[in-house]
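Fold and contact review
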Amino acid sequence: EAGVAQSPRYKIIEKRQSVAFWCNPISGHATLYWYQQILGQGPKLLIQFQNNGVVDDSQLPKDRFSAERLKGVDSTLKIQPAKLEDSAVYLCASSDRGLQPQHFGDGTRLSIL
Amino acid sequence: AQSVSQHNHHVILSEAASLELGCNYSYGGTVNLFWYVQYPGQHLQLLLKYFSGDPLVKGIKGFEAEFIKSKFSFNLRKPSVQWSDTAEYFCAVNAEAGRRALTFGSGTRLQVQP
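Summary of the structure given here. (Residues numbered from 1 in each chain as written. Chains lettered and ligands numbered in written order. Predicted model: local features only at pLDDT ≥ 70, side-chain atom pairs only at ≥ 80, totals over all residues. Heavy atoms only, no water.)

Looking only at helices and strands, one finds zero helices and 12 strands in chain B. Over its C-alpha trace chain B gives a radius of gyration of 13 Å, about what one expects of a compact globule, namely 13 Å for 114 residues. Across its three principal directions, the C-alpha atoms of chain B cover 40 × 25 × 20 Å. Contacts spanning at least 24 positions in sequence make up 54% of the contacts within chain B whose residues lie at least 6 apart. When the accessible surface of chain B is split by element, carbon and sulfur atoms take 51% of a total near 5,500 Å². The averaged location of the 8 negative side-chain charges in chain B is 6 Å from the averaged location of its 10 positive side-chain charges. (Helix = DSSP H or I, 4+ residues; strand = E, 2+ residues; numbered from the N terminus. Rg over C-alpha atoms; globule rule 2.2 N^0.38 Å. Contact = heavy atoms within 4.5 Å. Areas by Shrake-Rupley, 256 points an atom, 1.4 Å probe, with all protein chains shown as cover. Lys, Arg positive; Asp, Glu negative; His and termini not counted. Charge placed at Lys NZ, Arg CZ, Asp CG, Glu CD.)

Listed below in structure tokens is the structure:
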């Protein structure tokens, strides 16, 4: 089966600019997760969707981060405006109705100048 | 809230040496436990998982892990490492009937020298 697709792989922007990441989960997977992985740390959940509804966004910095999954398939994560501390790898994962295990994409490496 | 601790941040071994990576979690209820591996330049891949039953679970590439409930531990082991095992290893826990996101440890970077 095709894996979780993410784009772009790399992004470099200046602070205060905006950026968006895209994720296409494994076909049929209703649950989609966005994680942030800062260098030297493990991934940390930003937001979890079940179909197009939000299950958990308690750790999403809502003043600057937003995410949507309008049709219950693809998802976008946006940062506006970006701060230096947002430099990280942004991982998308999906699973079948929230059951484990989760399948991860290659991630988008974001560098803020 | 649940948390995961990985005690070894960087481990260097010679080929054929035995490996044990520590993982402890804090959560009072029923948990699912995982080890993920990230090879250089690749995405996170599932190494093995524990949901219930036999506390000794076997995964891919000769890895195994033992769940010790009384110690809140899920240590990863391999009797003889290979150079190709060089990677970063993450322990993760998932609670609430398994339908929630994973909480990861900070990872252990394993370097195997030929």
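The subject of this paragraph is the interface of chain B and chain A. The extent of an interface is frequently quoted as the accessible surface area lost upon association of the parts. Facing the 18 residues of chain B at the interface are 22 residues of chain A. Summed over both partners, the interface of chain B with chain A buries about 1,500 Å², with 53% contributed by carbon and sulfur atoms. Our count for the contact surface shared by chain B and chain A stands at zero salt bridges. On inspection of chain B and its partner chain A, the count reaches four residue pairs in polar contact (both at pLDDT 80 or more). With three residues, the top contributor of residues to the side of chain B that touches chain A is strand β5 (residues 32-38) of chain B. Among the residues making up the side of chain B that touches chain A, the classes are represented as nine nonpolar, seven polar and two charged. (Buried area = accessible area lost by both parts, 1.4 Å probe. Salt bridge = Lys/Arg side-chain N within 4 Å of Asp/Glu carboxyl O. Polar contact = N/O pair within 3.5 Å; in protein donor to acceptor, adjacent residues only side chain to side chain. Nonpolar A, V, L, I, M, F, W, Y, C, P; charged D, E, K, R; others polar.)

On to unusual backbone geometry. For the bond from Ser 7 of chain A to Pro 8 of chain A, the omega torsion is -10°, close enough to zero to count as cis. The topology assignment puts Pro 8 of chain A in the loop between β1 (5-7) and β2 (10-13). At the junction of Gln 80 of chain A and Pro 81 of chain A, the peptide bond is cis and its omega measures out at -5° in the coordinates. Counting through the fold element by element, Pro 81 of chain A comes out in the loop between β8 (75-79) and β9 (88-95). Unlike most non-glycine residues, Lys 61 of chain B shows phi in positive territory, near 60°. The residue Lys 61 of chain B is located in the loop between β7 (56-58) and β8 (64-68) in this model. Residue classification places Lys 61 of chain B among the partly exposed positions, given a relative accessible area of 46%. (Buried < 20%, exposed > 50% of the residue type's maximum accessible area, 1.4 Å probe, protein only.)

A separate point is the sheet that holds strand β3 (residues 19-24) of chain A. Residues and elements named next belong to chain A. Ordered in space as β1-β3-β8-β7, the four strands form an open sheet in which the pairing is antiparallel. Each edge of the sheet is formed by a strand with only one pairing partner; in this case those strands are β1 and β7 (65-68). Geometrically, the sheet is characterised by an average inter-axis angle of 15° between neighbouring strands, direction not taken into account. With five bridges joining them, β3 and β8 adopt antiparallel strand pairing. Bridge assignment links Phe 21 to a residue of β8, and that residue is Leu 77. (Pairing = 2+ DSSP bridges. Axes fitted to C-alpha atoms, helices over the stretch in contact; angles between N-to-C directions.)

Let's shift gears to the environment of Lys 78 of chain A. All names here are of chain A. Structurally, the position occupied by Lys 78 is in strand β8. Taking C-alpha positions, Lys 78 is 5.7 Å from Val 19, a pair spaced 59 residues apart along the chain. In this structure, Lys 78 is in contact with Val 19, Ala 20, Arg 64, Phe 65 and Ser 66, ignoring residues within four places of it in sequence.

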